[in-house]
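Observations on chain architecture
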Amino acid sequence: MRTLFPYLKPFRKECVVSPLFKLLEALLELFVPLIMAAIIDKGILAQNIGYVLKMGLLLVGLGLLGFGCSVTAQFFAAKAAVGFTAAVKSLLFGHIQSLSHTELDQIGTPTLINRMTTDMNQVQTGVNMTLRLLLRSPFVVLGATIMAFTVDAKTALIFLALLPLLTLVVAGIMALTLPRHQRVQGQLDKVLLRTRENLTGVRVIRAFNMQDDEEAANEEESGLLFRLQQGVGRLSALMNPLTYVLVNGALIVLLWSGAWQVQGGILTQGAVVALVNYLSQILVELIKLANLIITITKALASAGRIETVLKQSSSMTEAAHPIAAPDTAAECVRFDKVSARYAGAGEESLTNISFTALRRQTIGIIGGTGSGKSTLVNLIPRFYDVSSGSVLVDGVDVKEQGIESLRDKVAVVPQKAMLFKGTIRDNLRWGKQDATDEELWQALETAQAAEVVRGKPNGLDEMIEQGGRNLSGGQRQRLTIARALVRNPEILILDDSASALDYATDAALRKALREMNTPATVFIVSQRASSIRFADQILVLDDGELAGIGTHDELLADCSVYQEIYYSQYPKEAV
């Protein structure tokens, strides 16, 4: 919690006022047993009805005042807890955005979602309950013990013997449950991961008739989570019965001792009732404290998981004094003996890649699955860092440029077309916030998506559902290409972004890209030889290495890897 505590500072007033009002409420409660004793001894036994009514009204007044204190304390505790959680959630979201792709790959999306939701809710509940009860319950326990001594010191020794035993029970169970709550949250991450995979891949699961296998795997993961939760629940559940046993044992001793003292005239009946009430207050507060400790234990475990993410620093550092790269150099992108390796990978994804892309050239990238095509283009906007060598954009190493200014030059259309909930216009303006409708339609025409938008009842104002699920795969791809074109970038990266298009639409798109009036250097990653056939340069990758570089005709003449790819798609030409 040390990392998170500073975010409670704006709520210092609430953090002071809430416990103070709870302490005031507790103080009022401590006087109730004394008033009850007075009603019994001076009112009922003396048959003084007026005194009974007067003290009864005093009890009602104390109750109303206590209720007001409780509501006020709850208001300020909730305000602090919600405000603190909102601040930390905003901090966590911003920190996640600052992490590089390497860290995001390592941590995983389901874990981050779990920490943004379930863990944050646990922390919010923990802060709320802590402000309300952490001081109140011990205050009532200690206050009831002291008040018992004012009633009768000898009998109150029972209270003094009870407190160390109760403290031992509470501290022991807290120490045992804290690491178990952390394991529960870790297993919850795994269950969420499997759930996410099943929901996103439900069509594939059904296509292969794997429902039973997935249900069995889910039952195994959920069963382990259940057993972990059951184990920690059993430990936590020991708190209440153990405290009940101790307090009720003390109550038996108190009643037995009090009965003898009343019979001997040492204590009054009201005093015994007051002592029993103080013991009952201790029991109630200890139950609250036990539940509070369980809540705090969960909150601490969740806070630790949140802090783990916050302490995760990005492996991608920005230069202390970024260099502004001019856009006048003839060379747009240059790879100089570049090798790249993903974190935790045994082998390099790219090895000793060198090439130069001139301004306004179209660069085709082709190769088999896993050959490193996407890795290569991801190095240009510095989504990942090279393990050796250098990537230069406009003649300056990308590591020496500001990340934001570098990515402002680049527009990327990823393999998986991603659209966001909102209108088509909103999605297209991700590329350029102040783009006019004319610019949007021009980009749509080039991306072969104009007919998609015209076919919608509301045109550019047509709503897109989350992830673009109300569109086909080809429609999503064309709209994401249009979004990139709206930006009018210096470098346009199309990472296998036309895989869902038919050959006619793909050909029309490639023709429009060649004819568009833009200074962009275009990188086209594709499995189709036809998509990159007319590129100025074609890079042929094979197992992370550059197997060939040149035009279509040059590679077809002397690159065996390119020949194999091309003739596998056009077998008639091989004859």
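**Section: the overall build of the protein**
- Scanning the protein from N- to C-terminus turns up 21 helices and 12 strands.
- On C-alpha atoms alone, the protein measures out to a radius of gyration of 35 Å, which is more than a quarter above the 25 Å that the 2.2 N^0.38 rule sets for 575 residues.
- Each of the three principal axes of the protein carries a C-alpha extent, and together these read 120 × 50 × 45 Å.
- A burial count over the protein gives 46% of its 575 residues as buried.
- In the protein, the share of contacts with a sequence separation of at least 24, taken over all contacts with a separation of at least 6, comes to 76%.
- Of the accessible surface of the protein, which amounts to about 28900 Å², a share of 58% is contributed by carbon and sulfur atoms.

**Regarding the sheet that holds strand 3 (residues 362–367)**
- Taken together, 6 strands build an open sheet; the order of strands is 6-9-10-3-11-12 and the sheet is mixed. Every other strand in the sheet has two partners, leaving strand 6 (410–413) and strand 12 (545–550) as the edge strands with one partner each. Within the sheet, the average angular offset between the axes of one strand and its neighbour, ignoring direction, is 15 degrees.
- Direction of pairing for strand 9 (residues 491–495) relative to strand 10 (residues 521–525): parallel, over a ladder of 5 bridges. Each residue of the ladder has a partner; that of aspartate 495, found in strand 10, is valine 525.
- Lying on the sheet, helix 17 (residues 473–486) is in contact with strand 6 and strand 9; it crosses strand 6 at an angle near 180 degrees.
- Sheet strands in contact with helix 21 (residues 560–569) are strand 3, strand 11 (537–542) and strand 12, and its direction is about 95 degrees off that of strand 11.

**As for the nonpolar core**
- Ranked by size, the top nonpolar core spans 45 residues in total, and within it Leu444, Leu479, Leu492 and Tyr562 carry the most contacts.
- Per-element accounting of this core gives the leading share, 6 residues, to helix 17.
- Once you skip the residues sitting within four places of it in the chain, leucine 492 turns out to touch Ala411, Ala484, Leu485, Leu513, Met516, Ala520, Thr521, Val522 and Phe523.
- Counting 34 residues, the second-largest nonpolar core is a separate cluster that includes Ala148, Phe159, Ile282 and Leu286.

**A short note on the environment of arginine 429**
- On the secondary structure map, arginine 429 appears in the loop between helix 14 (424–428) and helix 15 (437–446).
- Beyond its immediate stretch of four places on either side in the chain, arginine 429 contacts Ala435, Asp437 and Leu440.

**Observations regarding the pairing of strand 9**
- A large share of strand 9 lies buried, amounting to 5 of its 5 residues.
- Burial along strand 9 is two-sided: the face carrying Ile491, Ile493 and Asp495 and the face carrying Leu492 and Leu494 are both buried.
- In this fold, strand 9 hands off to helix 18 (residues 503–515), which returns the chain to strand 10; that crossover is right-handed.

**A few points about the pattern of salt bridges**
- Going through the model one piece at a time under the given rule, you end up with 24 salt bridges.
- Salt-bridge contacts for glutamate 25 lead to arginine 136; the nearest nitrogen and oxygen are separated by 3.4 Å. Residue glutamate 25 is located in helix 1 (residues 12–44), and its partner arginine 136 is located in helix 6 (residues 136–151); the two are separated by 111 residues in the primary sequence. Accessibility classification places glutamate 25 together with arginine 136 in one group, the buried group.
- Notably, a salt bridge pairs glutamate 490 with arginine 359, separated by 3.2 Å at the nearest N-O pair. Here glutamate 490 is found in the loop between helix 17 and strand 9, whereas its partner arginine 359 is found in the loop between strand 2 (350–358) and strand 3, with 131 residues between them in sequence.
- Each of Lys22, Glu25, Glu29, Arg136, Glu285 and Lys288 takes part in a single network of salt bridges with overlapping partners.

**So, the packing of aromatic side chains**
- If you walk through the whole model with that rule in mind, you get 8 aromatic pairs.
- On the numbers, 4.7 Å between centres and 20 degrees between planes, the contact of phenylalanine 335 with phenylalanine 355 is stacked. Taken together, the positions of phenylalanine 335 in strand 1 (residues 331–340) and phenylalanine 355 in strand 2 put the pair 20 residues apart, joining distant regions of the chain.
- Relative accessible area serves as the criterion here: at 5%, phenylalanine 355 is assigned to the buried category.
- Plain terms: the ring middles of tyrosine 566 and tyrosine 567 are 5.6 Å apart, the flat faces sit at 70 degrees to each other, and that makes the pair edge-to-face.
- Residue tyrosine 566 is classed as buried on the basis of its relative accessible area of 1%.
- Taken together, the ring pairs connect Tyr562, Tyr566, Tyr567 and Tyr570 into an aromatic cluster.
- Sitting above the plane of the tyrosine 503 ring, arginine 528 keeps its charged end 4.5 Å from the centroid.

**Focus on the confidence of the model for the protein**
- Per-residue pLDDT for the protein has a mean of 85; in total, 99% of the residues score no lower than 70.
- The least confident element of the protein is helix 10 (residues 239–263), whose mean pLDDT is 76; the most confident is strand 11, at 94.

**As for the side chain of serine 531**
- Structurally, the position occupied by serine 531 is in helix 19 (residues 529–532).
- By relative accessible area, which is 9% here, serine 531 ends up buried.
- A distance of 2.9 Å separates the side chain of serine 531 from the side chain of aspartate 506, its partner in a polar contact.
- Residue contacts for serine 531: discarding those within four places in its chain leaves Asp506, Arg510, Ile524 and Ser526.

What counts, and where the lines are drawn
- Residues numbered from 1 in each chain as written.
- Predicted model: local features only at pLDDT ≥ 70, side-chain atom pairs only at ≥ 80, totals over all residues.
- Heavy atoms only, no water.
- Helix = DSSP H or I, 4+ residues; strand = E, 2+ residues; numbered from the N terminus.
- Rg over C-alpha atoms; globule rule 2.2 N^0.38 Å.
- Buried < 20%, exposed > 50% of the residue type's maximum accessible area, 1.4 Å probe, protein only.
- Contact = heavy atoms within 4.5 Å.
- Areas by Shrake-Rupley, 256 points an atom, 1.4 Å probe, with all protein chains shown as cover.
- Pairing = 2+ DSSP bridges.
- Axes fitted to C-alpha atoms, helices over the stretch in contact; angles between N-to-C directions.
- Core = buried A, V, L, I, M, F, W, Y, C linked by side-chain atoms within 4.5 Å.
- Right-handed = clockwise from strand over helix to strand, strands pointing away.
- Salt bridge = Lys/Arg side-chain N within 4 Å of Asp/Glu carboxyl O.
- Phe/Tyr/Trp six-rings, centres within 6.5 Å; stacked < 30°, edge-to-face > 60°.
- Lys NZ or Arg CZ within 6 Å of the ring centre and 35° of its normal.
- pLDDT = per-residue confidence, 0-100.
- Polar contact = N/O pair within 3.5 Å; in protein donor to acceptor, adjacent residues only side chain to side chain.

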